[in-house]
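Each chain, letter by letter, is given below.
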Amino acid sequence: MLCIGYMIQIYGLYYKEGGYILTKKVLAVSLALLMSLLNMGTFTNVEAREKEVLPVEENVQYTPPQEETPAEEASAEEVPAEAVEVTYEEQEVNKRVIDPTKPMVALTFDDGPSKYTAEILKVLKENNSVATFFVLGSEVNKYKDVLNQVIAEGNEIGNHSYNHKNLKTITDEELYKQVQGTDDLVYIASGYTPKVMRPPYGISDAELNKKINKPIVKWSIDTLDWKNRDTDKVVAAVLNDVKDGDIVLMHDLYDSTAQAAKIIIPKLVEQGYQLVTVSEMSEYRDVTLTQGQQYYSMYK
Ligand code: NI
């Protein structure tokens, strides 16, 4: 706009005046025009610079969002943390809450793992219950997956020797292999080390218990399931005698026992018993499981 103004001025002067004055005025105006063009150019450059600066300023202005971005990342980090919390809460939901004031019973299953163990695990899980499985070292590798499932579902694994020999009749060296060998097999298969031991046939004395060097767990209710192989008799043996603090002997080696477990477990839960592991019961009954000592029950 300024240029057009000067052009009109130049032409105006051209018509009104002539000669030397005109030339002087034209030169002066041209100079002014040139200056203004340069200024405009300068302004343009400034604007350009400002435009160049602007993105920088925008970048600066973006800096807070960029600073917020780590905050967003932090909150993004909180999301998995929350997810972990949710998982934890889910685990909490599944986790059994043991009330020490309420009655509890420790069901124990010997001589497995076997092809029936999974059926017993299923009914335990369905009833939010656990038990203790005294396993034979000789069966561990055959039922490695079941063994791991037993552990994963919160049950306890006890040592029941390698191959069910009467431990009173063997040498100390053989005894060590029967007990330590079974611990090793369980550990290799699962990463779990049995804490408690039950000698085969429940045969042991103070001297043998000392040599075994683990807490020895016997029982207060014997279902004789190995002998009767009768579901009804096994069910009756438990339900007719059960009381708070009992340790019940069964074997996850028979179909009749697995069928009995399907009746016994929900029934005991219905009657208000908490089905716990031997170690849990010792904890809630303030019984210190001591190496070389034996336990038949944990009554109040
Ligand atoms: Ni046995």
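Computed from a predicted structure; not experimentally measured.

Thoughts on the layout of surface pockets
The space that makes up the second largest pocket amounts to roughly 200 Å³. Forming the boundary of the second largest pocket are 14 residues, of which H164, Y201, W226, L249 and H251 lie nearest the centre. Split by residue class, the lining of the second largest pocket holds 6 nonpolar, 4 polar and 4 charged.

A short note on the nonpolar core
L107, F109, F133, I157, I264 and L268 are the most contacted members of the largest nonpolar core, which totals 34 residues. Elements with a contribution of two residues or more to this core: β1 (104-110), α3 (117-126), β2 (132-135), α5 (144-152), α6 (172-190), α9 (231-239), β6 (247-251) and α10 (255-270). When residues in this core are grouped by element, the largest group, 6 residues, is from α10. In this view, F109 contacts I120, A131, T132, F133, F134, M250, H251, D252, T257 and A261; residues no more than four positions away in its chain are not counted.

Details of the coordination of the nickel ion
Taken together, D111 (OD), H160 (NE2) and H164 (NE2) make up the protein donors of the nickel ion, found 2.0 to 2.1 Å from the metal. In primary-sequence terms, the residues that donate to the nickel ion follow D-x48-H-x3-H. One end of the pair, D111, is in the loop between β1 and α3; the other, H160, is in the loop between β3 (156-159) and α6, with 49 residues separating them in the sequence. What makes D111 buried here is its relative accessible area of 10%.

With respect to the packing of α3 against α5
Between α3 and α5, whose axes approach to 10 Å, the crossing angle comes to 20 degrees. Accordingly, the angle class assigned to the pair α3 and α5 is roughly parallel. Considering only the axes of α3 and α5, their crossing is left-handed. Residues T117, A118 and L121 of α3 pack against V146, Q149 and V150 of α5.

Here we look at the pairing of β1
Of all 7 residues making up β1, 7 are buried, and the element is well covered by its neighbours. Of the two faces of β1, both are covered, the one formed by M104, A106, T108 and D110 as well as the one formed by V105, L107 and F109. The sheet contact formed by β1 and strand β7 (residues 274-275) spans 2 bridges and is parallel. The residue bridging M104 from the neighbouring strand is Q274, located in β7. Considered for its hand, the β-α-β crossover made up of β1, α3 and β2 is right-handed.

Scoring rules and cut-offs
- Residues numbered from 1 in each chain as written.
- Predicted model: local features only at pLDDT ≥ 70, side-chain atom pairs only at ≥ 80, totals over all residues.
- Heavy atoms only, no water.
- 1 Å grid on protein atoms, 1.4 Å probe; cavity = no way out; pocket = protein on both sides within 12 Å on 5 of 7 lines; lining within 4 Å.
- Points joined across faces, edges and corners; volume = space filled by probe spheres on them.
- Nonpolar A, V, L, I, M, F, W, Y, C, P; charged D, E, K, R; others polar.
- Core = buried A, V, L, I, M, F, W, Y, C linked by side-chain atoms within 4.5 Å.
- Buried < 20%, exposed > 50% of the residue type's maximum accessible area, 1.4 Å probe, protein only.
- Helix = DSSP H or I, 4+ residues; strand = E, 2+ residues; numbered from the N terminus.
- Contact = heavy atoms within 4.5 Å.
- Donors = N, O, S within 2.8 Å, 3.2 Å for Na, K, Ca; no water.
- Axes fitted to C-alpha atoms, helices over the stretch in contact; angles between N-to-C directions.
- Parallel < 35°, antiparallel > 145°, perpendicular 65-115°, else oblique.
- Left-handed = near helix turned anticlockwise from the far one by under 90°.
- Pairing = 2+ DSSP bridges.
- Right-handed = clockwise from strand over helix to strand, strands pointing away.

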